[in-house]
Amino acid sequence: MNTQSGSKVTRPFYWSVWREVWENKSIYIAPLIVAVVILFGMLVSARHLPDLRRKALLLEATRQRAAIELPYDIVAMMIIITAFIVGVFYCLDALHGERRDRSILFWKSLPVSDLTIVLSKATIPLVVLPVIVLAIVIVTQFTMLLLSSAFLLTSGLAATTWANFNLVQQSLILLYSLIAIALWHAPIYGWALLVSGVARRATFLWAVLPLLAIGFFEKITFNTSYFGSMLKDRLLGFAAPAFNFQPHHGVALESLTPGRYLSSPGLWIGLLFAVAFVTAAIRLRRYHGPL
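> How would you summarise the packing of aromatic side chains if you had to cite specific residues and measurements?
For the structure on display, the rule yields nine aromatic pairs. An angle of 10° between the planes, with centres 5.6 Å apart, marks the rings of F89 and F204 as stacked. In this pair, F89 sits in helix α5 (residues 61-100) while F204 sits in helix α11 (residues 203-222), placing the two residues 115 residues apart along the sequence. Where W184 meets Y261, the ring centres are 6.1 Å apart and the plane angle is 40°; that geometry is what we call tilted. In this pair, W184 is assigned in helix α9 (residues 167-184) and Y261 in helix α14 (residues 258-262), connecting sequence segments 77 residues apart. Through a chain of ring-to-ring contacts, the aromatic side chains of Y14, W15 and W18 assemble into a single cluster. If you follow R11 out to its NZ or CZ, it ends over the ring of Y14, 4.5 Å from the centre. Here the guanidinium or amino end of R234 rests over the ring plane of W184, the centre of that ring lying 4.5 Å away.

Following this line, the structure appears as structure tokens:
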């Protein structure tokens, strides 16, 4: 009974995740830097905002809304791309780094299983990064709303932003998008973790070169590019099943198609590969020591 209570209090998985966040500050610093740069760029170009807004208001209603929402969508996209890059490089160093600096000997001496350690590392790109991105994007977009209102106040156009950009609705769309992207990219993060546990050096090259070699071999042997198309789909293919885009209409709640996304074979095949990669990474950590 006491043992069970003690294990609940220590919460090794919870503290393992916090350790990863504490030791890898780029997880939140990189998206923050992108947000700050975007806001600075908005301040620099603020003098053009009234003219751009007048041109947008000449469009018909759906195009008008899409034009006003576009800067906010670009902000979200840039921060999401940054987080994806950070997540990949984090995974490539997650297991390799502790083997390189020999800290794996210390962590293995603690009563924390390899399963807990590897899953805590996989949690960073799949859960922690999306939560961080959600918070940073919402704060950035709200700041942009306030700044645009201030810049447009003298021209009498301040209300047009609030009338065409619903922050609550866009935040719900962003949350859905981040979940869809994280699940779709799960095998990429799993592959990076596996390579991190295998490679002795140059983890990025070991992650990329085998994929390029397979694609090159297929092309020169069969004159096809199915593998390359599969990789492209794994990077960008989440959008087609997750959204029903309408030209010049932007992204609205009506554009979300969670049922179609959850029934997509590509999603579940990718998740199976992700589980296989992470399982292999757990076994490798169990038997691999420092470099």
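> An account of the nonpolar core is requested, with residue identities and associated values reported.
Ranked by internal contacts, the top residues of the largest apolar core, which has 62 residues, are I79, I124, V128, V133, L174, F243 and Y261. Mapped by element, the contributors of at least two residues to this core are α2 (12-23), α3 (26-44), α5, α7 (114-152), α9, α10 (186-198) and α15 (265-287). Looking at which element gives the most residues to this core, the answer is α5, with 13 residues. Setting aside its immediate chain neighbours within four residues, Y261 contacts Y176, I179, A180, L183, W184, F238, P241, A242 and L267.

> How would you summarise empty space enclosed by the protein if you had to cite specific residues and measurements?
Under the definition given, this model contains two cavities of 30 Å³ or more. Volume-wise, the largest cavity comes out at about 110 Å³. When residues in the lining of the largest cavity are grouped by element, the largest group, four residues, is from α7. Tallied by class, the residues present in the lining of the largest cavity amount to 11 nonpolar, one polar and no charged.

> So, the environment of W162: which residues are in play, and what are the values?
Relative to the helices and strands, W162 resides in helix α8 (residues 158-164). Classification of W162 by relative accessible area gives partly exposed; the value is 42%. Between the alpha carbons of W162 and S149 there is a distance of 8.4 Å; along the sequence they are 13 residues apart. Other than its neighbours up to four places away in sequence, W162 contacts F142, L145, L146 and S149. Looking at W162, its side chain comes within polar contact range of the side chain of S149, at 2.6 Å.

> Account for the side chain of T203, with residues named and values stated.
Following the sequence through the fold, T203 ends up in helix α11. Given a relative accessible area of 14%, T203 falls into the buried group. Within the structure, T203 has its side chain in polar contact with the backbone oxygen of L92 (distance 3.4 Å).

> Just give me the short version of the side chain of S16, but keep the residues and values in it.
Structurally, S16 is set in helix α2. Classification of S16 by relative accessible area gives buried; the value is 5%. With sequence-adjacent residues up to four places away left out, S16 is seen in contact with V112, T116, I117 and S120.

> How would you sum up α2? Please name residues and give values.
An α-helical turn contains 3.6 residues, so any two residues separated by three or four positions project in the same direction. Its 12 residues give α2 an end-to-end C-alpha distance of 16 Å, which sits within 8% of 16 Å, the value for a rise of 1.5 Å per residue. Of all the positions in α2, only S16, V17, R19, E20 and V21 are classed as buried.

> Account for the pattern of salt bridges, with residues named and values stated.
Following the criterion strictly, the structure yields seven salt bridges and no others. Linking R19 and E20 is a salt bridge whose minimum nitrogen-to-oxygen distance equals 3.2 Å. Taking the relative accessible area as the measure of exposure, R19 reaches 12% and is therefore buried. What makes E20 buried here is its relative accessible area of 2%. We note a salt bridge from E20 to K121, for which the minimum N-O separation is 2.9 Å. With E20 in helix α2 and K121 in helix α7, the pair connects residues that are 101 residues apart, well separated along the chain.

Calculation criteria
Residues numbered from 1 in each chain as written. Predicted model: local features only at pLDDT ≥ 70, side-chain atom pairs only at ≥ 80, totals over all residues. Heavy atoms only, no water. Phe/Tyr/Trp six-rings, centres within 6.5 Å; stacked < 30°, edge-to-face > 60°. Helix = DSSP H or I, 4+ residues; strand = E, 2+ residues; numbered from the N terminus. Lys NZ or Arg CZ within 6 Å of the ring centre and 35° of its normal. Core = buried A, V, L, I, M, F, W, Y, C linked by side-chain atoms within 4.5 Å. Buried < 20%, exposed > 50% of the residue type's maximum accessible area, 1.4 Å probe, protein only. Contact = heavy atoms within 4.5 Å. 1 Å grid on protein atoms, 1.4 Å probe; cavity = no way out; pocket = protein on both sides within 12 Å on 5 of 7 lines; lining within 4 Å. Points joined across faces, edges and corners; volume = space filled by probe spheres on them. Nonpolar A, V, L, I, M, F, W, Y, C, P; charged D, E, K, R; others polar. Polar contact = N/O pair within 3.5 Å; in protein donor to acceptor, adjacent residues only side chain to side chain. Expected span 1.5 Å × (residues − 1). Salt bridge = Lys/Arg side-chain N within 4 Å of Asp/Glu carboxyl O.

Fair warning: the whole summary comes from geometry, so function is off the table for now.
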